[in-house]
Amino acid sequence: MTTSSLNRVIPQLSEKLAARLGFHILATIRFAGGFGLLSFQILREIFYPPYYFRLTIEQILFIGVRSILLVSVTALATGSVMALQFGYGLARFGGKLYVPKVVALTILREMGPVFTSLLVAGRVGSGIASEIGSMKVTQQIDAIRALGTSPIKRLVIPRVIACLVAFPILTLFADYIGLCGAMAVSMKELSIGNEYFIAKAIETLRSYDLFTGMAKTTVFAFFVSVAACWKGLNTEGGTQGVGESTTWIVVTSSIFIMISDFFLTKFFILTVYPKY
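We now turn to the structure provided with this report. (Residues numbered from 1 in each chain as written. Predicted model: local features only at pLDDT ≥ 70, side-chain atom pairs only at ≥ 80, totals over all residues. Heavy atoms only, no water.)

**Observations regarding the nonpolar core**
This is how it is decided: Take the buried Ala, Val, Leu, Ile, Met, Phe, Trp, Tyr and Cys residues and link them wherever side-chain atoms come within 4.5 Å; each set so joined is a nonpolar core. Each residue gets one of three labels from its accessible area relative to the maximum for its type: buried under 20%, exposed over 50%, partly exposed in between, using a 1.4 Å probe on protein chains only. To qualify as a helix, a DSSP run of H or I must reach at least 4 residues; to qualify as a strand, a run of E must reach at least 2; elements of each kind are numbered from the N terminus. We call two residues in contact when some of their heavy atoms are within 4.5 Å.
Leu38, Ile42, Ile63 and Val156 are the most contacted members of the largest nonpolar core, which has 36 residues in total. Mapped by element, the contributors of at least two residues to this core are α1 (3-45), α3 (68-91), α4 (99-137), α5 (140-146), α6 (151-189) and α8 (207-233). The element best represented in this core is α6, accounting for 12 residues. Apart from residues lying up to four places away in sequence, Ile42 is in contact with Ile152, Val156, Ile157, Val160 and Val226. Counting residues in hydrophobic clusters, the runner-up holds 16 residues, among them Met82, Ala182, Met183 and Leu205.

Written out as structure tokens, the structure is:
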């Protein structure tokens with residue numbers, strides 16, 4: 001390629017890169033503004049009737065009960081692998097007996113909340129975005145408004161409440177299953193008795209270890225539910241737009257969960273966890 005060709009290509013590439021970067025920045029600003037506005041509308045309307053209790057219960061069953069198998073398998077595998085890795089890793093330094101303490105803290109503080117939220121966010125967030133997005137492109141939401149009903153009250157609030165209820169409960173369930181898996185592997189592979197495992201886990205764990213993990217899932221649940229509802233309400237372009245909304249919410253939720261987990265952990269270290 002000649003120098004003159006390079007001189008023509010490089011400015012074109014720079015313009016395309018700048019245009020794409022500007023598009024993403026504007027999309028992020030639009031999402032942040034829309035997220036804040038929708039959150040304000042939820043807080044404004046959640047305390048006033050009508051209340052759709054039946055829709056909320058249906059969403060809790062959809063989000064919680066149908067995610068139990070997914071959460072159980074993942075938590076069991078995570079707890080088992082962690083016990084195996086920590087056991088053989090610490091055995092080289094004579095610290096195999098510390099496995100119950102390390103695994104219990106890791107599951108309750110980090111692995112349980114994060115893995116559960118990632119899995120449920122992928123399943124539930126995509127479902128919410130696609131469902132509301134389909135209603136948007138087929139003009140069902142316009143019909144709801146025409147009948148004098150608020151889409152926020154009927155579509156958004158039940159799903160947000162359901163996520164806020166289901167995510168912490170699923171996390172608690174995942175913590176239990178993960179510890180059971182770790183205990184079984186410790187007994188089978190590391191020759192650590194169940195009584196010793198339970199005693200050391202109880203000795204190490206405190207109530208704030210459990211509650212901070214569940215607090216993380218509450219933050220994750222609020223973001224996933226509100227972001228999915230916002231994306232669904234702003235879906236355009238027919239069935240292709242619904243597919244793009246589904247992909248967008250899965251990627252965005254995963255990024256938010258991983259990044260916010262660091263800041264939440266840092267916040268709890270500074271405010272809740274004891275200083276050693």
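From this point, the discussion proceeds with the structure in view.
**With respect to the side chain of Ser225**
Heads up, the condition is: Any pair of nitrogen or oxygen atoms within 3.5 Å is treated as a polar contact; in protein, a donor-acceptor pairing is required on top of that, and neighbouring residues in sequence qualify only through side-chain atoms on both sides.
Its place among the elements puts Ser225 in helix α8. Judged by its relative accessible area of 0%, Ser225 falls in the buried class. A polar contact of 2.8 Å, which involves the side chain of Ser225, links it to the backbone oxygen of Ala221.

**Structural notes on the pattern of salt bridges**
Filter applied, for reference: Only one rule defines a salt bridge in this text: a Lys or Arg side-chain nitrogen within 4 Å of an Asp or Glu carboxyl oxygen.
Applying the stated criterion across every chain, the model contains 9 salt bridges. What emerges from the salt-bridge pattern is a single network uniting Lys101, Lys200 and Glu203.

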